[in-house]
Amino acid sequence: LLALFILGVGATAAIELPISPIYHQAALVKPLLKTIEVDAPAHYDFAYSVHDEHTGDIKSQTESRKGDQVQGQYTLVDADGYLRTVDYTSDAHNGFNAVVRRDPLGHKVVKAAPIGKLISPIAYAAPKLLAPAKLPLSLYH
């Protein structure tokens, strides 16, 4: 009888004690390192230019940025033969400011020759109306 009592107490203890799953243990682990992103001030310089005499595409741009201050210039040749130059600046205090100049080049931009000829539209004739058929009067009764 004593053996059954000990066995019963052991079984009851096993039933009453909940077993914690492993995934609960992971919640107690805290990360040792914390990632901190630092915003560095922007700094860049770039420039490009296009000079295509065949199509008349002539333009350029330069720009530099140091922190919140941007400075730049772009130029392009307008179709009427003027060189448009835009100098611009931008900063947190003054915002965006641009100064535009137009200087004559002394010649108009030459348009590129067309690649192919246009085909003239096809002329359509008005449809001919047919006269109604003349049937004997006896068919109309």
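Asker: Would you mind going over the pattern of salt bridges with me for this structure?
Answerer: A side chain with one charge may pair with a side chain of the opposite charge, provided their charged atoms come close. By the definition in use, this model includes six salt bridges. One salt bridge in this structure joins aspartate 80 and arginine 102, with 2.7 Å as the shortest N-O distance. Here aspartate 80, found in the loop between strand 3 (69-77) and strand 4 (82-91), pairs with arginine 102, found in strand 5 (residues 95-104); they are 22 residues apart in sequence, far enough to count as distant. Accessibility expressed as a relative area gives 38% for aspartate 80, which makes it partly exposed. The class for arginine 102 is partly exposed, based on a relative accessible area of 42%. The salt bridge involving arginine 101 is made with aspartate 87; its shortest N-O contact spans 2.8 Å. Separated by 14 residues along the polypeptide, arginine 101 in strand 5 and aspartate 87 in strand 4 bring together distant segments of the chain. Owing to a relative accessible area of 25%, aspartate 87 belongs among the partly exposed residues under this scheme. Sharing partners across several salt bridges, the network here consists of Asp78, Asp80, Arg84 and Arg102.

Asker: Any chance you could explain the packing of aromatic side chains here in plain terms?
Answerer: The geometry of an aromatic ring pair is captured by two quantities: the separation of the ring centres and the angle between the planes. One pass over the full model with this rule turns up three aromatic pairs. Relative to tyrosine 88, the ring of tyrosine 74 lies with its centre 6.4 Å away and its plane at 50°, an arrangement referred to as tilted. Here the residue tyrosine 74 occupies a position in strand 3, and tyrosine 88 occupies one in strand 4, the gap between them amounting to 14 residues. Taking relative accessible area as the criterion, tyrosine 88 reaches 8% and is therefore assigned buried. Through pairs of rings, three or more aromatic residues link up here, namely Tyr74, Tyr88 and Phe96. Across from the ring centre of tyrosine 82, 4.6 Å away, lies the NZ or CZ of arginine 102, which sits over that ring.

Asker: I would appreciate a short explanation of the pairing of strand 4 in the present structure.
Answerer: Along any regular strand the residues' side chains alternate between the sheet's two faces. Here strand 3 runs beside strand 4; their pairing, made up of eight bridges, is antiparallel. In the sheet register, leucine 76 faces strand 4, and the bridge partner there is arginine 84. Connecting strand 3 to the next strand, strand 4, in antiparallel fashion are four residues, including glycine 81 with a positive phi near 90°. Across 10 bridges, strand 4 lies against strand 5 in antiparallel orientation. Within strand 5, the position partnered with aspartate 87 by the bridge is valine 99.

Asker: What should I look at first to understand a nonpolar patch on the surface in this one?
Answerer: Where nonpolar side chains cluster on the molecular surface, the patch consists of Tyr44, Phe46 and Tyr48 and spans about 280 Å² of accessible area. Relative to the helices and strands, tyrosine 48 is located in strand 1 (residues 43-52).

Calculation rules
- Residues numbered from 1 in each chain as written.
- Predicted model: local features only at pLDDT ≥ 70, side-chain atom pairs only at ≥ 80, totals over all residues.
- Heavy atoms only, no water.
- Salt bridge = Lys/Arg side-chain N within 4 Å of Asp/Glu carboxyl O.
- Helix = DSSP H or I, 4+ residues; strand = E, 2+ residues; numbered from the N terminus.
- Buried < 20%, exposed > 50% of the residue type's maximum accessible area, 1.4 Å probe, protein only.
- Phe/Tyr/Trp six-rings, centres within 6.5 Å; stacked < 30°, edge-to-face > 60°.
- Lys NZ or Arg CZ within 6 Å of the ring centre and 35° of its normal.
- Pairing = 2+ DSSP bridges.
- Patch = residues over 30% accessible without salt bridge, like charges linked within 9 Å, V, L, I, M, F, W, Y side chains within 5 Å.
- Areas by Shrake-Rupley, 256 points an atom, 1.4 Å probe, with all protein chains shown as cover.

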